[in-house]
Amino acid sequence: MCIYMFNSLINKLIKPIIDSTINKSKRTKFLKAFTLVELIVVIVILAILSTIAFIAFFDYNKSARDSVRVSDIGLLSKSFEISRI
């Protein structure tokens, strides 16, 4: 008997709150969406950042290749010096 009264009390108090939040979320569902302009701005910003990152990565690759070449030339010159002796 007490459980029934407790369940009916919860249904009377909690159910209207839950129903009102569901209806409110349905009404504000469209207000939470992004506009097309906001999405385009984000895509443009990401494109600019990725371009900057790509350029920086390309420069690091180039400097790494240059340092490998310098190292190879140094090793070749040392091997020539050793072979002369």
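Our structure's up above, just so we're on the same page.
Here we summarise the structure given alongside this text. (Residues numbered from 1 in each chain as written. Predicted model: local features only at pLDDT ≥ 70, side-chain atom pairs only at ≥ 80, totals over all residues. Heavy atoms only, no water.)

**Details of the overall build of the protein**
Line of reasoning, step 1. The helix and strand inventory of the protein stands at two helices and zero strands.
Line of reasoning, step 2. Relative to its 85 residues, the protein shows a buried fraction of 0%.
Line of reasoning, step 3. Just so you have it, the protein exposes about 8,300 Å², and 73% of that area is on carbon and sulfur atoms. (Helix = DSSP H or I, 4+ residues; strand = E, 2+ residues; numbered from the N terminus. Buried < 20%, exposed > 50% of the residue type's maximum accessible area, 1.4 Å probe, protein only. Areas by Shrake-Rupley, 256 points an atom, 1.4 Å probe, with all protein chains shown as cover.)

**What to know about a nonpolar patch on the surface**
Line of reasoning, step 1. Side chains of L36, V37, I40, V41, V42, V44, I45, L46, I48, L49 and I52 sit close together on the surface and give an oily, nonpolar patch of about 1,000 Å² of accessible area.
Line of reasoning, step 2. Tracing the chain through its elements places I52 in helix α2 (residues 36-84).
Line of reasoning, step 3. By relative accessible area, I52 is classed as exposed at 52%. (Patch = residues over 30% accessible without salt bridge, like charges linked within 9 Å, V, L, I, M, F, W, Y side chains within 5 Å. Salt bridge = Lys/Arg side-chain N within 4 Å of Asp/Glu carboxyl O.)

**Examining the pattern of salt bridges**
Line of reasoning, step 1. If you walk through the whole model with that rule in mind, you get one salt bridge.
Line of reasoning, step 2. Here R69 and D66 are joined by a salt bridge, their closest N and O atoms 3.6 Å apart. Of this pair, R69 and D66 both sit in helix α2, three residues apart, roughly one helical turn.
Line of reasoning, step 3. In this structure R69 comes out as partly exposed when scored by relative accessible area, which is 48%.

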